[in-house]
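# Observations on the three-dimensional arrangement
Each chain is listed here by its residues.
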Amino acid sequence: MTRIRAGLLALLLLMALLLSQAPARLISWVLPENALVLEGFEGSVWRGSAARALLPTTGGYLHIGTLRWQLSPWSLLTLAPRVSVDSRWGSQQIAATIVYHGPDHIRLGDVDATVPAALVRQFVPLELSGDLSLLAQRLELRDGLPYAADGRLVWRDGGWVSPQGPRSLGDYALDFSQPPGEPLVGEVATLAGSLRADGRVTLSEGNYDVDVLLAGDGLDDPQLRQALQLVAAPEGKGFRVALQGPFSQQ
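Residues numbered from 1 in each chain as written. Predicted model: local features only at pLDDT ≥ 70, side-chain atom pairs only at ≥ 80, totals over all residues. Heavy atoms only, no water.

### Considering the overall build of the protein chain
Selection criterion: Helix and strand definitions here come from DSSP, where helices need a minimum of 4 consecutive H or I residues and strands a minimum of 2 consecutive E residues; each element is numbered from the N-terminal end. Residue burial is assigned from relative accessible area. The probe radius is 1.4 Å, only protein chains are included, and a residue is buried under 20% of its type maximum, exposed over 50%, and partly exposed in between. It only takes one pair of heavy atoms within 4.5 Å for two residues to be counted as in contact. The method behind every accessible area is Shrake-Rupley, applied with a 1.4 Å probe, and residues are considered shielded solely by the protein chains displayed.
Each helix and strand in the protein chain was counted, giving two helices and 14 strands. Residue burial in the protein chain is summarised as follows: out of 250 residues, 34% are buried. Taking contacts inside the protein chain between residues at least 6 apart in sequence as the whole, the part at least 24 apart equals 33%. Summing over all exposed atoms, the protein chain offers an accessible surface of approximately 15300 Å²; the carbon and sulfur share of this is 59%.

Here it is in structure tokens:
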């Protein structure tokens, strides 16, 4: 019996040693299918990096640069892998803690991301300039939709590219919150700029509702006024953006 116990202990120690040295490329076993395209692995599956990472989107692949991660071994025992990630690509940076409960339930925490606003072009036909920064204490997704959230999205040095060239707009913030299972509500505010934007954005049961009033000297630009007429209606000296519809999960 003593020899059997010693053999089992030695086997467990050997397995632990092998797992501790598991190569980084095995991280693909933990990642959801088609979640990321990773190349140039270094380190181990528990603490490693990929020299090149791409995120599949409906508009093509989003380059997120060098990706580093740290996977908690104990989280695998709960069948909810917990991984901290950090990526860099030029001025673009993304950091977050991700807990994967399944393809229909993902929790993110301590989200700190900055990406060029021009990336919006991959999803909607808009040419924007500036940077989008997201700070979120929590962001929980269920069935592809926000289930609980708290954070702030800031558009800095915001502008748009007109046929005559770039136009500066200003700095704007969207403070959002969502108790678990309740509608997500975001308040739009102007931080700086000649174009003022104030209003509310809500997301409830898969449907969005946007109600934002645009005003200020920035509307003196005839190119901007012409562009706004595609999505907004005149109201006094400004424009009101009032949009409703289903939120696409694709």
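### Describing the nonpolar core
The nonpolar side chains of a soluble globular protein tend to be buried, and buried together. Quick note on the threshold: Joining through side-chain atoms within 4.5 Å is the link that ties buried Ala, Val, Leu, Ile, Met, Phe, Trp, Tyr and Cys residues into a set, and such a set is a nonpolar core.
Among the nonpolar cores identified, the biggest contains 22 residues, and Ile27, Leu38, Trp69 and Val85 are the most heavily contacted of them. Mapped by element, the contributors of at least two residues to this core are strand S2 (47–57), strand S3 (60–71), strand S4 (82–89) and strand S7 (128–142). The biggest single contributor to this core is S3, with five residues. Apart from the residues within four sequence positions on either side, Val85 is in contact with Leu67, Arg68, Trp69, Ile94, Ala95, Ala96 and Ile98. Counting residues in hydrophobic clusters, the runner-up holds 19 residues, among them Trp155, Leu219, Leu224 and Ala232.

### Overview of the environment of Asp175
How we decide: Counted as a polar contact is a pair of N or O atoms within 3.5 Å, where, for protein atoms, one must be capable of donating a hydrogen and the other of accepting one, and residues adjacent in sequence contribute only when both atoms are in side chains.
Mapped onto the secondary structure, Asp175 falls in strand S9 (residues 165–178). Distance in space between the C-alpha atoms of Asp175 and Val188 is 6.8 Å, their sequence separation being 13 residues. When near neighbours in sequence (up to four residues on either side) are disregarded, Asp175 contacts Gly151, Arg152, Val185, Gly186 and Glu187. At a separation of 2.7 Å, a polar atom in the side chain of Asp175 contacts the side chain of Arg152.

### Let's talk about the pairing of strand S1 (residues 37–43)
The following threshold applies: Strands are labelled as partners when DSSP assigns at least two bridges between them.
Bridge count between S1 and S2: six bridges; the pairing is antiparallel. In the strand pairing of S2, Val37 is matched with Leu54. What sits between S1 and S2 in their antiparallel hairpin is a turn of three residues.

### Comments concerning the pattern of salt bridges
Rules: Here, a salt bridge means any Lys or Arg side-chain nitrogen found within 4 Å of an Asp or Glu carboxyl oxygen.
For the coordinates displayed, the defined rule picks out nine salt bridges. A salt bridge links Asp175 to Arg152; its shortest N-O distance comes to 2.7 Å. Residue Asp175 is found in strand S9, and its partner Arg152 is found in strand S8 (residues 145–162); the two are separated by 23 residues along the sequence. Asp175 gets classed as partly exposed once you look at its relative accessible area, which sits at 32%. Between Glu187 and Arg200 there is a salt bridge, with the nearest N and O atoms lying 2.5 Å from each other. In this pair, Glu187 sits in strand S10 (residues 184–193) while Arg200 sits in strand S11 (residues 196–204), placing the two residues 13 residues apart along the sequence. Through salt bridges with shared partners, a single network forms among Asp211, Glu235 and Arg240.

### Remarks on the side chain of Gln178
Mapping Gln178 onto the fold places it in strand S9. Leave out the neighbours within four places in its chain, and Gln178 touches Arg138, Pro146, Tyr147, Ala148, Ala149, Asp150, Pro183 and Leu184.

### Brief notes about the side chain of Thr97
If you trace the backbone, Thr97 turns up in strand S5 (residues 92–102). Contacts of Thr97, omitting those with residues within four sequence positions, involve Arg82, Val83, Ser84, Arg107, Leu108, Gly109 and Asp110.

### Brief notes about a nonpolar patch on the surface
Definition in use: Only residues above 30% relative accessible area that lack a salt bridge enter a patch, with like-charged residues linked at up to 9 Å and the nonpolar side chains Val, Leu, Ile, Met, Phe, Trp and Tyr linked at up to 5 Å.
Together, Tyr208, Leu230, Val231, Leu243 and Phe247 make up a nonpolar patch on the protein surface, roughly 460 Å² of accessible area in all. Relative to the elements of secondary structure, Val231 occurs in the loop between helix H2 (222–228) and strand S13 (233–235).

### Re unusual backbone geometry
Notably, Asp110 is not glycine yet its phi reads approximately 50°, a positive angle. Mapped onto the elements, Asp110 comes out in strand S6 (residues 105–116). With a phi angle near 55°, Asp157 is a residue other than glycine that sits in the positive phi range. With respect to the element layout, Asp157 can be found in strand S8.

### So, the environment of Ile27
Tracing the backbone shows Ile27 in the loop between helix H1 (2–20) and S1. Here the alpha-carbon distance between Ile27 and Leu71, two residues 44 residues apart in the chain, equals 8.9 Å. Residues contacting Ile27, with those up to four places away along its chain left out, are Leu38, Phe41, Val45, Trp69 and Leu71.

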